[in-house]
Amino acid sequence: MTSSPVRLIELCLMAVVGLTQVRGLAAAEGTSETRDHSYAYLRSGDNITMSGDTRDIVRARSFRQGNGPMLWFREGRQEYVVRDPDTLAQLEAVWKPGRELDAAEEKLDHQHDGLDSKHEQLESKRDALESRRDDLADRESELADRASEDDVSPATRAELDKQRRSLQQQRQALAGEMRALERPMKELRTQMEGIQRQLEALHQKQKIASNKEEAEVRALFRRAITAGTAKPVK
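Residues numbered from 1 in each chain as written. Predicted model: local features only at pLDDT ≥ 70, side-chain atom pairs only at ≥ 80, totals over all residues. Heavy atoms only, no water.

Whenever I open this one, the overall build of the protein chain confuses me. Can you help?
When helices and strands are counted, the protein chain shows 3 helices and 6 strands. Ordered by position in the sequence, the α and β elements of the protein chain form the string β-β-β-α-β-β-α-α-β. Within the span of the protein chain, comprising 234 residues, buried residues form 36% of the whole. A sequence separation of at least 24 residues applies to 66% of the contacts in the protein chain between residues at least 6 apart. Surface summary for the protein chain: the accessible area is close to 14100 Å², and the carbon and sulfur share equals 50%. (Helix = DSSP H or I, 4+ residues; strand = E, 2+ residues; numbered from the N terminus. Buried < 20%, exposed > 50% of the residue type's maximum accessible area, 1.4 Å probe, protein only. Contact = heavy atoms within 4.5 Å. Areas by Shrake-Rupley, 256 points an atom, 1.4 Å probe, with all protein chains shown as cover.)

Right, dumping it as structure tokens:
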């Protein structure tokens, strides 16, 4: 949930020398040394969920054995490692509702981006029509100036008037095309506004879920410490 600094964010990291690609990172203020609560959950490969900073990832990886899932976390000044499958499954269950909300947000964002792209295309077309209309208006004004000159012959003036009428017809046609764009552009804006309202409502749900999720994660860590499934490390 991008709206909260402590929201659990999925990280897709590709290591060449250090971290070369990060999909997302939610880091609370302060360094890992000053925080009393940080964690990094390493799944298979380089898929990571965390709260902290990139140094916590490096620290967590130092305790990894093979490619299996592993949780590293810090409570106060003590660090712990969890490899117990049941505890890790409970952790995944805590995160599931938030991930579903994130997926819904991503879907709405995609829909909004698609509509926005279509709206921009129509705007570009409208701008091109307006430019053509203005050019025709300038040419029409030039013909009117020439026709008003005293030394213009009747035959020439008639020809200039004919050209002006042709330009007027073209401008009217362009005006019709521009009016035809107004309705679909308005419909697209209405749809985008609707999606934006859905996103705003979703962000409120994400905020609530994030706070609940953080509390449940910390409670789970405490239970793991008490049960001994969280192993203290130096």
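Help me understand the pattern of salt bridges in this model?
If the charged atoms of two oppositely charged side chains come close together, the side chains can form a pair. A full pass over the atoms with the stated rule returns 11 salt bridges. Here Arg 43 and Glu 92 are joined by a salt bridge, their closest N and O atoms 2.9 Å apart. Taken as a pair, Arg 43 in the loop between β2 (37-42) and β3 (47-51) and Glu 92 in helix α2 (residues 85-147) lie far apart in primary sequence, 49 residues in all. Relative accessible area serves as the criterion here: at 24%, Glu 92 is assigned to the partly exposed category. In this structure, Arg 133 engages Asp 134 in a salt bridge whose closest nitrogen and oxygen atoms are separated by 3.3 Å. A relative accessible area of 37% places Asp 134 in the partly exposed class. In the salt-bridge network here, residues are joined through shared partners; they are Arg 43, Glu 92 and Arg 99. (Salt bridge = Lys/Arg side-chain N within 4 Å of Asp/Glu carboxyl O.)

It is not clear to me how the nonpolar core should be interpreted in this structure. Could you clarify?
General note: in soluble globular proteins, nonpolar side chains tend to be found buried as a group. Of all hydrophobic cores here, the largest spans 20 residues; its most connected members are Leu 108, Leu 115, Leu 122, Leu 129, Leu 160, Leu 181 and Ile 195. Among the elements of the structure, α2 and α3 (154-227) are those that each provide at least two residues to this core. Considering each element in turn, this core owes the most residues, 11 residues, to α3. Once you skip the residues sitting within four places of it in the chain, Leu 181 turns out to touch Leu 122, Lys 125, Arg 126 and Leu 129. Counting residues in each nonpolar core, the second largest holds 15 residues, with Leu 71, Tyr 80, Val 82 and Trp 95 among its members. (Core = buried A, V, L, I, M, F, W, Y, C linked by side-chain atoms within 4.5 Å.)

Help me understand the pairing of strand β4 (residues 70-75), please; the structure alone is not making it clear to me.
Every other side chain in a regular strand lies on the same face of the sheet, so the side chains alternate between the two faces. The buried fraction of β4 is high, at 6 of 6 residues. Neither face of β4 is open: one carries Met 70, Trp 72 and Arg 74, the other Leu 71, Phe 73 and Glu 75, and all of them are buried. The sheet contact formed by β2 and β4 spans 6 bridges and is antiparallel. Looking at β4, one finds that His 37 is bridged to Glu 75. Alignment of β4 against strand β5 (residues 78-82), held across 5 bridges, turns out to be antiparallel. Bridging across to β5, Arg 74 finds its partner in Glu 79. (Pairing = 2+ DSSP bridges.)

Mind showing me how you'd approach the environment of Arg 132 here?
Note that Arg 132 resides in helix α2. Among the residues examined, Arg 132 registers a relative accessible area of 49% and is labelled partly exposed. In the structure, Arg 132 is positioned 42 residues away from Leu 174 in sequence and 8.0 Å away in space, judged by C-alpha atoms.

How do you make sense of the pairing of β5 when you look at a structure like this?
Of all 5 residues making up β5, 4 are buried, and the element is well covered by its neighbours. The antiparallel pairing of β4 with β5 creates a hairpin that spans 2 residues between the two strands, and Gly 76 there sits at a positive phi of about 65 degrees. As judged from the 4 bridges shared by β5 and strand β6 (residues 230-233), these two strands associate in the antiparallel manner. Counted as the bridge partner of Val 81 is Lys 231 from β6.

Is there a simple way to explain helix α1 (residues 54-61) in this structure?
Note that an α-helix has 3.6 residues per turn; residues three or four places apart therefore point the same way. Every buried residue belonging to α1 is among Asp 56, Ile 57 and Ala 60, and all of these are buried. Angularly, the buried residues of α1 cover 105 degrees about the axis, an arc narrow enough to put them on a single face. Its side-chain oxygen at 3.0 Å from the backbone nitrogen of Arg 55, Asp 53 defines the N-terminal cap of α1. (Arc of directions from axis to C-beta. Polar contact = N/O pair within 3.5 Å; in protein donor to acceptor, adjacent residues only side chain to side chain.)

It is not clear to me how the side chain of Thr 49 should be interpreted in this structure. Could you clarify?
By the element assignment, Thr 49 lies in strand β3. Thr 49 gets classed as buried once you look at its relative accessible area, which sits at 1%. Polar contacts involving the side chain of Thr 49 include one to the side chain of Arg 43, which spans 2.9 Å.

What is the right way to look at a negative patch on the surface in this model?
Among the surface-exposed residues, Asp 135, Asp 138, Glu 142, Asp 145, Glu 149, Asp 150 and Asp 151 lie close enough to one another that they form a single negatively charged patch. Looking at where Glu 142 falls in the secondary structure, it is placed in helix α2. (Patch = residues over 30% accessible without salt bridge, like charges linked within 9 Å, V, L, I, M, F, W, Y side chains within 5 Å. Lys, Arg positive; Asp, Glu negative; His and termini not counted. Charge placed at Lys NZ, Arg CZ, Asp CG, Glu CD.)

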